[in-house]
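Residues per chain are reported as follows:
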There are 2 protein chains.
Amino acid sequence: MADRLSPRAREIVAAARTLLEESGPAALTLRALADRLGIKAPSLYKHFPDKEAVETELVVQALTGAAEAMEAAEAREPGSLTGLARAYRAYALAHPHLYCLMTERPLPRASLPAGLEDRAAAPLMRVCGGEQDLARSFWAFAHGMVVLEIHGRFPADADLDAAWTRGVGALGA
Amino acid sequence: MADRLSPRAREIVAAARTLLEESGPAALTLRALADRLGIKAPSLYKHFPDKEAVETELVVQALTGAAEAMEAAEAREPGSLTGLARAYRAYALAHPHLYCLMTERPLPRASLPAGLEDRAAAPLMRVCGGEQDLARSFWAFAHGMVVLEIHGRFPADADLDAAWTRGVGALGA
DNA sequence: TTTGACGGCTAACGACGTTAGCCCTAGGTT
DNA sequence: AACCTAGGGCTAACGTCGTTAGCCGTCAAA
């Protein structure tokens, strides 16, 4: 289950993650990644077929982390859409670059562990009582809020807590 | 007002736009752009300081187009949140690459025509009766729906019309 | 007539992802 | 003990990218 990757490959992914999280996507370079591991860039190809495969592994980590955050929120406050919303926002803002890597491209579904995508969506589906339309519109709202905030699209003085409350209230009724 | 750019610069932006819209962001290369214009890449620097300046001009076009689409929707169905939602979605899906270029990065506000950002937001603000929290949560919902759809994040068989209806209904009440 | 802005050009640089091909080391096999 | 093999490094290099430096032709205004 966790042995999708060799130990060395996991070290590479870990280094890639800190590189991405600390310095953003432009800094996630194969040469910089190799540097951080004390090796040269071409050596990375002994462990991954290309850069995209490394990024896919980061998406797996991001998706897993998001799923765990959602599950924890559900355990804390079962049935609470507000709690889920708070956890979603908190996770995204704690890992903005990882969050964007995960969402701003088509999902590499063929390379994902089976069931991971569903697992991440499950808590929201449960809170929405299986109503897919509601779950999707809530997800869209939460993703929109988070990604617009990350990219600084709201006015600097905007009261985002109020906007979240308003949206969650409207969708949760 | 429209003379922000020299005629030649406007030709360059037009070529950049078709390149982006037809072939996506990876194809928007200074060499490819120059090729399409029958010149060499370094000549572009006689008209723009760097690639980002060209992209900023595309953002201006995208934002202007979005503002026009919102204004047209408002003129068609004054006060209708549903009409605005339909227009927003239609514009984004008609120009997905342009839409992503416009939204998936910090706005280059310093390089934008004065008032453009506000103009694009004005119709929604009016429909929301000046309630900023509502307007922001609606924008987040609409942006989330559009961008998740563009990136193929919803299941292939998802009924997105139903999700839109659900979200607009909840936020518009 | 000369000047200068305008708008092309070639050559080249450094960084990027990537490929080809070499080499050393460790462990297991014969 | 001798050998083989897989793992995991390395250098050199290629093509593409954005970008810079420096040159040259054209044409209107002084």
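Residues numbered from 1 in each chain as written. Chains lettered and ligands numbered in written order. Predicted model: local features only at pLDDT ≥ 70, side-chain atom pairs only at ≥ 80, totals over all residues. Heavy atoms only, no water.

Put simply, an interface is often sized by how much accessible area is lost when its parts join up. Residue and element names in this part refer to chain A. The domains assigned to chain A are domain 1 (1–48) and domain 2 (54–172). With twelve residues of domain 1 at the interface, the matching set in domain 2 holds 14 residues. Taking both sides of the interface into account, the surface hidden between domain 1 and domain 2 amounts to around 1,200 Å²; carbon and sulfur atoms contribute 67%. Looking at the side of domain 1 facing domain 2, the largest losses of area belong to Arg 4, Arg 17 and Leu 20, adding up to 45% of the total buried there. Seen at the junction of domain 1 and domain 2, the total is one salt bridge. When the shortest N-O distance is used, the salt bridge between Glu 57 and Arg 4 registers 2.7 Å. For the pair domain 1 and domain 2, the number of links is three residue pairs in polar contact (both at pLDDT 80 or more). (Domains from an automatic or database assignment. Contact = heavy atoms within 4.5 Å. Buried area = accessible area lost by both parts, 1.4 Å probe. Salt bridge = Lys/Arg side-chain N within 4 Å of Asp/Glu carboxyl O. Polar contact = N/O pair within 3.5 Å; in protein donor to acceptor, adjacent residues only side chain to side chain.)

Attention shifts here to the environment of Glu21(A). Residue and element names in this part refer to chain A. With respect to the element layout, Glu 21 can be found in helix H1 (residues 7–23). Judged by relative accessible area, Glu 21 falls into the partly exposed class, the value being 27%. Through-space distance from the C-alpha of Glu 21 to that of Glu 71 is 23 Å; in sequence the pair is 50 residues apart. The residues touching Glu 21, leaving out its near neighbours within four places in the chain, are Ala 94, His 95, His 97 and Leu 98. At a separation of 2.6 Å, a polar atom in the side chain of Glu 21 contacts the side chain of Arg 17. Engagement of the side chain of Glu 21 in a polar contact is seen with the side chain of His 95, the distance being 2.9 Å. (Helix = DSSP H or I, 4+ residues; strand = E, 2+ residues; numbered from the N terminus. Buried < 20%, exposed > 50% of the residue type's maximum accessible area, 1.4 Å probe, protein only.)

With that settled, consider the packing of aromatic side chains. The geometry of an aromatic ring pair is captured by the separation of the ring centres together with the interplanar angle, meaning the angle of the planes. Residue and element names in this part refer to chain A. In this structure the tally under the stated criterion is eight aromatic pairs over all chains. A ring pair is formed by Tyr 88 and Tyr 99, whose centres lie 5.8 Å apart and whose planes are at 85 degrees; its orientation type is edge-to-face. Remark: Tyr 99 occurs in helix H5 (residues 96–103) and Tyr 88 occurs in helix H4 (residues 81–94); sequence separation between them is eleven residues. Note on Tyr 88: relative accessible area 15%, which makes it buried. Relative to Trp 164, the ring of Phe 141 has its centre 5.4 Å away and its plane inclined at 70 degrees; by these criteria the two rings are edge-to-face. With Phe 141 in helix H7 (residues 132–150) and Trp 164 in helix H8 (residues 160–172), this residue pair connects regions lying 23 residues apart in the sequence. You'll find Phe 141 and Trp 164 in the same group, each marked buried. Among the aromatic residues, those joined into a ring-pair cluster are Phe 138, Phe 141 and Trp 164. (Phe/Tyr/Trp six-rings, centres within 6.5 Å; stacked < 30°, edge-to-face > 60°.)

This next bit is on the side chain of Arg89(B). For Arg89(B), the location among the structural elements is in helix H4 (residues 81–94). With residues up to four places along the chain from it excluded, the contact list for Arg89(B) reads Val146(B), Glu149(B), Leu160(B), Asp161(B) and Trp164(B).

Here we take up the protein's contact with DNA strand C. Among the 17 residues in the neighbourhood of DNA strand C, the closest are listed as Arg31(A), Tyr45(A), Arg8(B), Lys40(B) and Lys46(B). Among atoms of DNA strand C positioned within 4 Å of the protein, sugar and phosphate together represent 47%. In this structure, a phosphate oxygen belonging to DNA strand C sits 2.9 Å away from a main-chain N or O atom of Leu30(A). In this structure, a base nitrogen belonging to DNA strand C sits 2.7 Å away from a side-chain N or O atom of Arg31(A). Its residues assigned to classes, the surface near DNA strand C shows six nonpolar, four polar and seven charged. (Near = heavy atom within 4 Å. Nonpolar A, V, L, I, M, F, W, Y, C, P; charged D, E, K, R; others polar.)

In this section: the pattern of salt bridges. As a working rule, side chains carrying opposite charge can pair if their charged atoms are close by. Residues and elements named next belong to chain B. Going through the model one piece at a time under the given rule, you end up with 24 salt bridges over all chains. One salt bridge in this structure joins Arg 8 and Glu 11, with 2.5 Å as the shortest N-O distance. Placement of the pair is Arg 8 and Glu 11 together in helix H1 (residues 7–23), with a separation of three residues, close to one helical turn. The closest approach of N and O atoms between Arg 119 and Glu 71, which form a salt bridge, is 2.7 Å. Residue Arg 119 is located in helix H6 (residues 116–127), and its partner Glu 71 is located in helix H3 (residues 51–76); the two are separated by 48 residues in the primary sequence.

Taken residue by residue, the interface counts 34 residues in chain A and 34 residues in chain B. Between chain A and chain B, a total of about 3,000 Å² is buried, with carbon and sulfur atoms accounting for 60% of that surface. Summed over the three residues of chain A that lose the most area to chain B, namely Arg136(A), Arg153(A) and Arg166(A), the buried surface amounts to 25% of that side. If you look at where chain A meets chain B, you find two salt bridges. A salt bridge links Glu131(B) to Arg166(A), with the shortest nitrogen-to-oxygen separation between them at 2.3 Å. At the level of secondary structure, the elements contributing two or more residues to the side of chain A that touches chain B comprise H5, H7 and H8 of chain A.

In the region of DNA strand D, 16 residues are neighbours, and Arg8(A), Lys40(A), Arg31(B), Tyr45(B) and Lys51(B) sit closest. Each atom of DNA strand D within 4 Å of the protein was classed as base or backbone; sugar and phosphate made up 48%. At a separation of 3.0 Å, a base oxygen of DNA strand D approaches a polar side-chain atom of Lys46(A). Class assignment for the residues of the surface near DNA strand D results in six nonpolar, four polar and six charged.

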